[in-house]
Amino acid sequence: MTTTAIGGEQVGADAQAAHSTWAPTRRRHREAGRGPAWTIGALAIMAYALFPVAWIASLSLKGEGDIADGKLIPTKPTLDNYRTLFDSGEFVRPLINSIGISLITTVLAVVIASFAAYAIARLDFPGKSLLLTGALAIAMFPPVSIIGPLFNIWRSTGLYDTWPGLILPFLTFALPLAIWTLAAFFREIPFDLEQAAQVDGATPFQAFRKVILPLALPGVFTSAIIVFIFCWNDFLFSISLTSTDEARTVPAATAFFTASSNFINPTGQIAAAAIIVTVPIIIMVLVFQRRIVAGLTAGAVKG
Amino acid sequence: MAAITMRGVTKRYPDGTEAVKAVDLDIADGEFVILVGPSGCGKSTLLRMIVGLEDISDGEMRIGDELVNDRAPKDRDLAMVFQNYALYPHLSVRENIAFPLRIAKVPDAEITKRVEEAAKVLELTENLDRKPANLSGGQRQRVAMGRAIVRDPKAFLFDEPLSNLDAKLRVQMRTEIARIQRKYGTTTVYVTHDQTEAMTLGDRVAVLRKGVVQQVDSPRNLYNDPANLFVAGFIGSPSMNLLPGVLRGSTLELPFGSVELPAARVPQGGGAERQVIAGIRPEHFEDASIVGDDDRGHGSTFRSRVEVIEWMGSELYAYLPYSVGGGSVGAKLDELAADLDLEQTSGDDSQIVARFDAASRVSEGGDAEVWVDVRRVHLFDPDTGETLTPRETAGSRDHAPGAVQD
């Protein structure tokens, strides 16, 4: 993550350099400032962030015998944990649930939020600040405090242990996030572009679809990632509002793992599951990170 | 192509302020009209009301014969070039220019043909596949114009299109705009705060101040016959010298002495003594030592100290200090100066800017005999600011030295 972030920053700097003649000098200054202290700091943060991941990866590759040997490099690396995971049937269905529920929530949240955020960024309507404050309040609301009532309502309405039963609360918490992120991006897009499109004969919707949306893509991807990770990582709703593999997602399912014998902890399999659920996130960030290019709007207006 | 007619067009904001006040303006088919004025005079607002980006609070706006007050911008068939170009950054130059045609669902072959034609006119052919970010300021400006000309709209609207370019490019693009407008013969409304652009480009120029049209006329008439103090001070660079004066019959008393006005310059119903503001352009002064005998009779001479000299090569500007009594006339002039963003020295001491021929040998700090062409003195009412000078009819006047005529 840390290295990719540095890459992204340089892309931004390049775009700037193309723009103003003195930008390259400024960039050189900044790089000159990155002395040994900067390198050591970066390495320290990387080690701090990545060590637990490395440890989990190592655990997932260890056999039952040496799981507690305390070594970072497994002495006899094995893929047994992964094999057991997929053979047991405790994992595949939750994985499908996780992917499905997260993707559906992400798509819904981004579509709804982009319309809402566009209106918020462009229009002045009564109750606008109330809406934004309300959205923020929901995002800040402690989810655990609604779990009890939700459990009862879901059981009586038949939403308990279903996909929509998880998608709904996820949307409730993801939408404010997405709206705030997207509104910030929409505000960055010069209003003139939209007016130019209207003068060029576009309807407001055409202006939105052909001009504003393509320019807001980095924002759309950013909020998509945020929403997806939020859903993917959720444990609370999944453990409370599901009872079977019907809708239970991976984080909750992991808690129910059983080992080959009742007297052994399924540590290796939990570690393997953790590694597997991390992979989609990494892939997603890597894929979308290339889209989140700074300065996409460069050249629109003289700035 | 179409004429644009405005009747009592007004822009009123919810808080009651009026940005544009009852503008009546007729723009003929194919005419190039400039809206000019200092910042905040409502010229851009008026343009945006024509194109439909601002609502019209009152009055009628017609394009051709159609009332367009309530029409969306897309249904008015006008093309606009924005001050900051407003190019679509995610589209190539080709797609930027093609955008209005794509929206109008013009067939692909036709689009290609028209985009390439426009690119040829604007010398953009080489850059068609580049993105706006990789273009220079002048090229971006051309792309914005390409987007306008490709559709053959009823009118072109320009909102300070050159203000973001450097001085050299500005002159070049100014010629370019004039050339393109002439080539297509499309009705054009052009907003600028730069009077050079206004004077060189427009068939007619409308001068605005605080949302009110002051005068609509050809550049030459604006210059020779300003309708009021504001137009007099705004048009011309360096601007007209405005001096407090007292008129008695045909004798005008100015801070530097009395001059006798020719009959054609005396306000009608003159006679009684009255306060006036006299306006004299810098070029209607001359170093008396180089004024020919023929002209000498048409003016008065006075002695003045020369404070500063700016030698421009082909001419020189002399700054002649004088003292005013202050009073109500002085206050009026100060107000006007603030309006025009001029650096008028407030207080009792002021200066006249005089343009002398480069042959003049006046020296800084020394005294000079200065000649003033009385045929070119404008008189304004100090209370209303309206001109008191009878309107000059073209051709009735002799050629004066230094007068801008062609």
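Residues numbered from 1 in each chain as written. Chains lettered and ligands numbered in written order. Predicted model: local features only at pLDDT ≥ 70, side-chain atom pairs only at ≥ 80, totals over all residues. Heavy atoms only, no water.

Let's talk about the confidence of the model for chain A
All names here are of chain A.
(1) Moving on: Taken as a whole, chain A shows an average pLDDT of 81; of its residues, 82% reach a score of 70 or greater.
(2) Moving on: Counting interchain partners and residues more than four positions distant, the pLDDT-below-50 stretch residues 1-28 has 25 contacts.
(3) Moving on: In this model, residues 294-299 is a region of pLDDT below 50 whose contacts with residues beyond four sequence positions or in other chains number 16 contacts. (pLDDT = per-residue confidence, 0-100. Contact = heavy atoms within 4.5 Å.)

Overview of the side chain of Asn69 of chain B
Residue and element names in this part refer to chain B.
(1) Moving on: Within the element layout of this structure, Asn69 appears in the loop between strand 5 (66-67) and strand 6 (78-81).
(2) Moving on: The exposure class assigned to Asn69 is buried, which follows from its relative accessible area of 18%.
(3) Moving on: One polar contact links the side chain of Asn69 to the main-chain carbonyl oxygen of Gly59, over a distance of 2.7 Å.
(4) Moving on: Leaving out residues up to four positions away in the same chain, Asn69 has contacts with Ile56, Gly59, Glu60, Met61 and Arg76. (Helix = DSSP H or I, 4+ residues; strand = E, 2+ residues; numbered from the N terminus. Buried < 20%, exposed > 50% of the residue type's maximum accessible area, 1.4 Å probe, protein only. Polar contact = N/O pair within 3.5 Å; in protein donor to acceptor, adjacent residues only side chain to side chain.)

Observations regarding the interface of chain A and chain B
(1) Moving on: Chain A puts 24 residues into the contact, and the matching count from chain B is 25 residues.
(2) Moving on: Of the roughly 2300 Å² buried between chain A and chain B, counting both surfaces, carbon and sulfur atoms make up 61%.
(3) Moving on: The residue Arg147 of chain B makes a salt bridge to Asp200 of chain A at a minimum N-O spacing of 3.4 Å.
(4) Moving on: On the surface where chain A and chain B come into contact, there are 8 residue pairs in polar contact (both at pLDDT 80 or more).
(5) Moving on: Where the side of chain A that touches chain B is concerned, the elements lending two or more residues are helix 9 (191-199) and helix 10 (204-233) of chain A. (Buried area = accessible area lost by both parts, 1.4 Å probe. Salt bridge = Lys/Arg side-chain N within 4 Å of Asp/Glu carboxyl O.)

Structural notes on the pattern of salt bridges
(1) Moving on: Taken as a whole, this structure holds 33 salt bridges over all chains when the rule is applied.
(2) Moving on: Two residues, Lys11 of chain B and Glu54 of chain B, come together in a salt bridge whose shortest N-O distance is 3.3 Å. Pair noted here: Lys11 of chain B is in strand 1 (residues 4-12) and Glu54 of chain B is in the loop between helix 1 (43-51) and strand 4 (58-63), with a separation of 43 residues, a long-range link.
(3) Moving on: Residue classification places Lys11 of chain B among the buried positions, given a relative accessible area of 7%.
(4) Moving on: Overlapping salt bridges, with partners in common, bring together Asp200 of chain A together with Asp77, Arg147 and Arg151 of chain B in one network.

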